[in-house]
Structure formats: structure tokens, C-alpha cells
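Per-entry structural report
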Amino acid sequence: MQGIVIVTGASGFLGPALCRALKAAGWRVHAVMRRRATGPWDKAVTLDLGRHCIPDDLLADVDCVFHLAGKAHAVAQGNDADEEYRLANYQSTLDLLAAARVQGVRGFVYFSSVKAMDEDRPPVWVGATPGTPYGRSKRAAEEAVLLSGSVAHPVVLRSSLVYGPHPKGYLARLIRAVRAGWFPPLPELGNGRSMVHREDLVDAAIACAHEPRARGRTYVVTDGTPYSTRQIYEFILEALGRRVPGWTLPVGLLRLAALSGDGIGRLRGRRFIFDSEVLEKLIGSACYDGAPIARELGFQPRRTLRDSMAEMVSTISEVSWF
Ligand SMILES: NC(=O)c1ccc[n+]([C@@H]2O[C@H](COP(=O)([O-])OP(=O)(O)OC[C@H]3O[C@@H](n4cnc5c(N)ncnc54)[C@H](OP(=O)(O)O)[C@@H]3O)[C@@H](O)[C@H]2O)c1
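Residues numbered from 1 in each chain as written. Predicted model: local features only at pLDDT ≥ 70, side-chain atom pairs only at ≥ 80, totals over all residues.

1. Remarks on the sheet that holds strand 1 (residues 3–8)
- Strand order in the open sheet formed by seven strands is 3-2-1-4-5-6-9, and the pairing between neighbours is parallel. Where the open sheet ends on each side, the last strands, each with one partner, are strand 3 (43–46) and strand 9 (218–221). Neighbour-to-neighbour, the strand axes of this sheet turn through a mean angle of 20°, independent of strand direction.
- Relative to strand 4 (residues 62–67), helix 2 (residues 81–103) is tilted by about 175°, and along the sheet it contacts strand 4 and strand 5 (107–113).
- In the packing of helix 3 (residues 133–147) onto the sheet, contacts are made with strand 5, strand 6 (153–159) and strand 9, and the angle to strand 5 comes to roughly 160°. (Pairing = 2+ DSSP bridges. Helix = DSSP H or I, 4+ residues; strand = E, 2+ residues; numbered from the N terminus. Axes fitted to C-alpha atoms, helices over the stretch in contact; angles between N-to-C directions. Contact = placed C-beta atoms within 7 Å.)

Right under this line is the structure:
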């Protein structure tokens, strides 16, 4: 047995995979979550981080904290969005760091996001101001992890979009739309979106916790291949066993529809289901450079989106759209 680690947000999309891998590596895993759930951990603690005080003994004898808990998804929701994200992502991190300092915890691996960077800039991101409440809260939390001096071995992982079984968010919506036949066959637009498989991100996190060279570093994690919307569409069709249509929808038509959506949104004071922001997310680029973690720690992703798509399609629920 190697010792004790804490995984916050253990019951989410990434948490169980990380807990499973840590247990397989011989760690005793204490999981922190808001609502009690069963999973691959030795002990479960229910706690609303950022809002409730951290019990004195939570981090006693803990070697490393993997901090995943937080409010994800970079969508602003009303005027309180900044405060909601601040509490869930920044305050929870501050509280954990303070407790870690008291208990002499050695390592702290923070699961941040590429959204903590300014997406409009070329790949030189230091000093950029992130443009969403989610990104701002993640960026502030990153700075606390790296600059507070609370632990000896702080590391920040900026993950790109994560794929894997039971996908959530963007990929889940895309798969459901293609499966339902609603998603139009877009032409190849040459855009690119970085992503990473959940198991590869887990491997990267565990390597960062151990590897002395990772101390104080911030790493972007991707699978090394940006995917265009057209490619993702074709992978989904392939996994569904369907043929790629022989026609494509001119993207200009989608732009017109998005502009109409913007207008409807302005008229009713609330965003329409399809507008320019949704279109940009669909056909825009979000490419990030994951080379430093490969160069410095020898991290090599082992999965690709195409190879993983069949499992994703088969594990996605039929019921809800979102
Ligand atoms: N998935 C991605 O594509 C992706 C990409 C980049 C970065 N990340 C980051 O990776 C981390 C994990 O992502 P995920 O996809 O696993 O997220 P997720 O599925 O939304 O899970 C988040 C987990 O955090 C818990 N949680 C939320 N607020 C909490 C609080 N105040 N106190 C205690 N627990 C709380 C949730 O519990 P409840 O179920 O009770 O709400 C849930 O277990 C997040 O920090 C996210 O920002 C994820």
C-alpha cells in the first residue's frame, strides 16, 4: 500500500476512472463528493466544497490531493454565473489548499481546463485573460495552487475536452443529434478541436503527482490530434454503422440560421437554442499544444477519438437531449 490520496469530485465523469487507476497503483483512495455515491474508492466523504468548512481530519495523513470537484461547462448562466463559478472552482481550491498546508500534504494536482486560457490567442497563453466565468474561476484557482506555497508539489493540468464512455456535454449532444438524424452533413471546414481520452488524462495526472519535474508546472493535455467537425461527424456515423451522406449543407445556410437565432434571442431577452455562439462552438477551432508534457514527462496518449467512438455511442443514454 502506497499511502492515502484524496480525489474530490470523485463521482463525476472523470473521478471514477482516476480512483480506479489510483487503487490499481496501490493507493488508498478517499473520495470527496456532494452526494454519497458508490464507486471505486475506500472511503467516501460528503462535503460541499467552497460552501462548507473542511473537517480538520479530512487531509490527515494524505500524500496527494487530486482536485476535480467543481462547476464545469463553460456556459455563463445569468448575472450570478461569476459568483457560482467562483465558489465552486476558486473558493473550494483555496479551502483545500489551506487544509493541505495545515496537514503538511505533499502533492496537489489541480484539474483545470484549456478554458483558463484566452482562446483567441495563438499558443502563447501566459498572461491572457480568460473570457468566461468558468475560465476565470479556473484561472484564479490555478494561480492559488501554484503561488500560495501551501504544498511542496503543486501541478496544474489544463485538460482539453475529455472523451470516453458515457460522454457528457458537447460530444454527448453531437452524438445524440447525429443518431437522431438532426445533424446536417457539414462540409470539411478545416477546423480543429483538441481532445483527450479520459484514461490518458488519468495517466497524465498520476504521472504529474509522482514526477519531480512536474513540480510547479502547468501542462495542457490533449491526444495530439485536433479533430474537425466533419471528422467527428464521420466517426459517429461509422460507429453507428451508417453511411456518410453524399451531399453537404452549405455552411452559409447555418450562418443565416445562427444570425436569426441571435435576433430571436435579442427579442426575447434570452438566448435561442441555436445562435452564433452555438455555431462557433460547432464549427470553430480550439487547438492546444500538448507537447510540453510529452517532452518533459514522456507522456504519450494511447487512445484516439475514432477508436473510442463505438464505446461512446454504445454507452450514451437515449433519454435526455442535454
Ligand atoms: N470533462 C471535461 O471535458 C473536462 C475538460 C477540462 C477540464 N475538466 C475539469 O475536470 C474536473 C472534473 O470534470 P468532470 O467532467 O468529471 O466533471 P463532472 O462530471 O461535472 O463532475 C464534477 C464532480 O464535482 C462534484 N462537485 C461539484 N461541485 C462540488 C462541490 N462544491 N463540492 C464537492 N463536490 C462538488 C460533483 O458532484 P455532484 O454530482 O454532487 O454535483 C461531481 O462529482 C472539473 O474540475 C472540470 O472543470 C473537465
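Having seen the structure, we can now continue with the description.
2. A closer look at the site of the ligand
- Gly9, Gly12, Arg34, Leu49 and Ala69 are the nearest of the 27 residues found near the ligand.
- Contributing elements (two or more residues each) for the shell around the ligand: strand 2 (27–33), helix 2, strand 5 and strand 7 (161–163).
- Residues that form the shell around the ligand fall into these classes: 13 nonpolar, ten polar and four charged. (Near = placed C-beta within 6 Å. Nonpolar A, V, L, I, M, F, W, Y, C, P; charged D, E, K, R; others polar.)

3. Notes on unusual backbone geometry
- The phi dihedral of Asp61 is positive, around 65°, even though this residue is not glycine.
- Looking at the secondary structure, you find Asp61 in the loop between strand 3 and strand 4.
- The phi dihedral of His166 is positive, around 55°, even though this residue is not glycine.
- Inspection of the secondary structure puts His166 in the loop between strand 7 and helix 4 (169–179).

4. Things to note about the packing of helix 1 (residues 15–24) against helix 5 (residues 198–210)
- Contact geometry of helix 1 with helix 5 gives a least axis separation of 9 Å together with a crossing angle of 50°. As judged from the angle between their axes, helix 1 and helix 5 are oblique. Note that helix 1 runs across helix 5; the crossing there is right-handed. Of helix 5, the residues touching helix 1 (which contributes Ala17, Leu18, Ala21 and Leu22) are Arg198, Glu199, Val202, Ala205 and Ile206.
- The residue makeup of the contact of helix 1 with helix 5, split by class, is seven nonpolar, no polar and two charged. (Parallel < 35°, antiparallel > 145°, perpendicular 65-115°, else oblique. Left-handed = near helix turned anticlockwise from the far one by under 90°.)

5. Section: the environment of Ile175
- Tracing the backbone shows Ile175 in helix 4.
- Discounting chain neighbours no more than four positions away, the residues touching Ile175 are Pro167, Ile236, Met312, Val313 and Ile316.

6. Considerations on the environment of Arg139
- Among the secondary structure elements, Arg139 is positioned in helix 3.
- C-alpha separation for the pair Arg139 and Tyr90, spaced 49 residues apart in sequence, amounts to 8.5 Å.

7. Quick word on the packing of helix 2 against helix 3
- The interhelical angle for the contact between helix 2 and helix 3, taken along N-to-C directions, is 15°, at an axis separation of 8 Å. The orientation of helix 2 relative to helix 3 falls into the category roughly parallel. In this structure, helix 2 meets helix 3 at a crossing whose hand is right-handed. Contact residues: helix 2 offers Ala81, Asp82, Tyr85, Arg86, Asn89, Tyr90, Thr93, Leu94 and Leu97, while helix 3 offers Pro133, Tyr134, Arg136, Ser137, Lys138, Ala140, Ala141, Ala144 and Val145.
- Split by residue class, the contact of helix 2 with helix 3 holds eleven nonpolar, three polar and four charged.

8. So, the environment of Gly149
- Its location among the elements puts Gly149 in the loop between helix 3 and strand 6.
- A count of 9 C-beta atoms within 10 Å places Gly149 in the exposed class. (Buried ≥ 20, exposed ≤ 12 C-beta atoms within 10 Å, placed from the backbone.)

9. Some thoughts on the confidence of the model for the protein
- Confidence in the prediction of the protein, expressed as mean pLDDT, is 91, and 92% of residues score 70 or more.
- Below pLDDT 50 for its whole length, residues 119–128 participates in nine contacts with residues either more than four positions away or in separate chains. (pLDDT = per-residue confidence, 0-100.)

10. Topic: the nonpolar core
- If you look at the biggest cluster of nonpolar residues, it comprises 73 residues, and the most contacted ones within it are Val7, Val65, Phe66, Val109, Leu157 and Ala205.
- Considering each element in turn, this core owes the most residues, seven residues, to helix 5.
- If you count residues domain by domain, this core takes at least three from each of domain 1 (3–159) and domain 2 (161–195 + 223–287 + 303–322).
- In this view, Ala205 contacts Leu18, Phe66, Val109 and Leu157; residues no more than four positions away in its chain are not counted. (Core = buried A, V, L, I, M, F, W, Y, C linked by C-beta atoms within 7 Å. Domains from an automatic or database assignment.)

11. Focus: helix 2
- A rise of 1.5 Å per residue sets the reference length of helix 2, with its 23 residues, at 33 Å; its end C-alpha atoms lie 32 Å apart and thus fit the reference within 8%.
- Taken as a whole, helix 2 carries its principal kink of about 35° at Leu87.
- Where helix 2 is concerned, the buried positions are Tyr85, Ala88, Asn89, Tyr90, Ser92, Thr93, Leu96, Leu97, Ala99 and Ala100.
- Looking at the buried side of helix 2, the elements it contacts are strand 4, strand 5 and helix 3. (Expected span 1.5 Å × (residues − 1). Bend = angle between axes of the 7 residues up to and from the residue.)

12. Concerning the domain arrangement of the protein
- As assigned here, the protein comprises domain 1 (3–159) and domain 2 (161–195 + 223–287 + 303–322).
- Taken over C-alpha atoms, the centre of domain 1 sits 28 Å from the centre of domain 2.

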